[in-house]
Amino acid sequence: MVDVVTIIDSRSGKSIELPLLHGTHGSPVFDIGRLYRELGYFTLDPGFLSTASCHSAVTFIDGEQGILLYRGYPIEQLAENSSFLEVAYLLMRGELPMQQQLDNFTALINHHSMINESLKNFYLGFNHDAHPMAIMVGVVGSLSAFYHDSTDIHDPAHREIAALRMIAKMPTIAAASYKHSIGEPFVYPSNKHSYAGNLLHMMFSVPSEEYVVDPVAEKALDLIFVLHADHEQNASTSTVRLAGSSGANPFACIASGIAALWGPAHGGANEAVLRMLEEIGDISNISKFITRAKNKKDPFRLMGFGHRIYKNYDPRARIIRDMCHKVLGKLGDEQDPLFELAMRLEEVALNDDYFIEKKLYPNVDFYSGLIYRALGIPINMFTVMFAIARTVGWAAHWTEMIGEPEQRIGRPRQLYVGPQHRDYQPIDQR
Ligand code: ACO
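Described below are features of the structure shown in this document.

## Remarks on the site of the ligand
No. 1: The ligand sits among 21 residues. The nearest are Arg-301, Leu-302, Gly-304, Arg-308 and Lys-358.
No. 2: Separating a nitrogen atom of the ligand from a backbone N or O atom of Phe-305 is a distance of 2.9 Å.
No. 3: In this structure, an oxygen atom belonging to the ligand sits 2.9 Å away from a side-chain N or O atom of Asn-363.
No. 4: In the complex, the protein chains occlude 75% of the 910 Å² of accessible area that the ligand would expose alone.
No. 5: Residue classes in the shell around the ligand are distributed as 11 nonpolar, 5 polar and 5 charged.

Here's what the structure looks like:
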């Protein structure tokens, strides 16, 4: 027997049965495809609070339980045992690689890590104080003008090469954004480093001095990348899917994802958290800021707190918090006053009725900025770090969507509340 939900239209007396679909995990979903055709109704769900926009086999989140699975594997196990490129392989191809497969994948990423020399000219068009996310949107979008060998998105081989190029080039583009902002020469990628190590090398080495990648920093960055690699249908991933649904160039789609990520309600939160901690300044000011966060008339929110899906501790935040202890300890900054402040702020918020009632917990970005800061990464590069990691998720979702046999352009409907039909009046008669 097919599981159905029966909708009875009290106006017309008609009823229809809508199929109830069950995924491998999570709430069942009823398919409203026939609702408009048969009853003439649309549905309204601003912010997609109850609407699934697609089928997906990439990532699953149980927000009540605080569970995050990439292709079925718990994030805690991947964080403990895996590397970012292994996770990238898993997200892109659906299975964990054998050693030879991982070696080949790594070699492909290394092979594509350089950017076309003429791209350097794009950077010169930006002022030195341009926000690196602004540069990322522009430069990544401009990749659409290169690579004419991979523009047929309906060819799986073209999709594959486009996705590999995005993942491979993102650290190079990001590091160049940073170098441009501080007026230092761009550093070429080096295949002797890991993915995260290469990024540190391109950001922090200079031609005049020997640079040695710190293994603690490399490991920490790799782990942060694992934690940020995907998060199912979040705002930026949904943006990439929507842009991609029209058949747009994949690099342009990723640029649209970067733009969506930038906002403080999404990936921009890691930068906003650090600025907030600096503004709070001292443990003695916490209660004042908690009071502000609870005041509806005050636009201040506790950045790094709350999540559309997690109504429990974000499992990534727990891992990053533990990592803060280790990394700050090893990098000699365990007494970082901002870390102390963050932990105290978390404690106060978690014991406050407002945050308890609304189930507001720290999210992934509450602690990530403290680690970036300990690694010497400037605040305005924090969201760029997020974008590098999330490119894997964007590429996996874009690939999944384009590969669907019944893929169609994404085109939401609306509840129109503007003026009714009216006739044009010549200007002298208005
Ligand atoms: N501080 C104070 N109050 C909050 C916060 C917060 N950080 N987050 C939510 N609330 C309150 C809201 O005011 C709302 O109250 P109400 O029910 O009285 O109106 C209630 O909690 C529910 O919040 P919504 O904004 O309706 O939840 P939504 O799912 O739309 O937003 C979001 C989630 C955007 C993450 C929100 O919690 C927020 O702005 N947090 C701070 C920014 C942040 O950390 N963003 C990163 C998210 S994770 C990521 O993208 C990587």
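## Details of the nonpolar core
No. 1: Counting 123 residues, the largest nonpolar core has Leu-221, Leu-277, Leu-302 and Met-385 as its most contacted members.
No. 2: Look past the residues within four positions of Leu-221 in its chain and what remains in contact with it is Ala-196, Leu-199, Leu-200, Tyr-372, Leu-375, Ile-377 and Met-385.

## Comments concerning the layout of surface pockets
No. 1: Looking at the second largest pocket, its volume works out to about 370 Å³.
No. 2: Every residue lining the second largest pocket is counted, 14 residues in all, and those nearest its centre are Ala-79, Lys-219, Leu-223, Met-323 and Lys-326.
No. 3: Top element by residues in the lining of the second largest pocket is helix H14 (residues 315-330). It accounts for 6 residues.
No. 4: Grouping the amino acids of the lining of the second largest pocket by side-chain chemistry returns 8 nonpolar, no polar and 6 charged.

## Some points on the pattern of salt bridges
No. 1: Considering all chains together, one arrives at 14 salt bridges under this definition.
No. 2: Its salt-bridge partner being Lys-179, residue Glu-184 comes within 2.6 Å of it at the nearest N-O pair.
No. 3: Given a relative accessible area of 29%, Glu-184 falls into the partly exposed group.
No. 4: Classification of Lys-179 by relative accessible area gives buried; the value is 1%.
No. 5: A salt bridge links Arg-292 to Asp-298; the shortest N-O distance between them is 2.7 Å.
No. 6: The class for Arg-292 is partly exposed, based on a relative accessible area of 28%.

Parameters at a glance
Residues numbered from 1 in each chain as written. Predicted model: local features only at pLDDT ≥ 70, side-chain atom pairs only at ≥ 80, totals over all residues. Heavy atoms only, no water. Near = heavy atom within 4 Å. Polar contact = N/O pair within 3.5 Å; in protein donor to acceptor, adjacent residues only side chain to side chain. Areas by Shrake-Rupley, 256 points an atom, 1.4 Å probe, with all protein chains shown as cover. Nonpolar A, V, L, I, M, F, W, Y, C, P; charged D, E, K, R; others polar. Core = buried A, V, L, I, M, F, W, Y, C linked by side-chain atoms within 4.5 Å. Buried < 20%, exposed > 50% of the residue type's maximum accessible area, 1.4 Å probe, protein only. Contact = heavy atoms within 4.5 Å. 1 Å grid on protein atoms, 1.4 Å probe; cavity = no way out; pocket = protein on both sides within 12 Å on 5 of 7 lines; lining within 4 Å. Points joined across faces, edges and corners; volume = space filled by probe spheres on them. Helix = DSSP H or I, 4+ residues; strand = E, 2+ residues; numbered from the N terminus. Salt bridge = Lys/Arg side-chain N within 4 Å of Asp/Glu carboxyl O.

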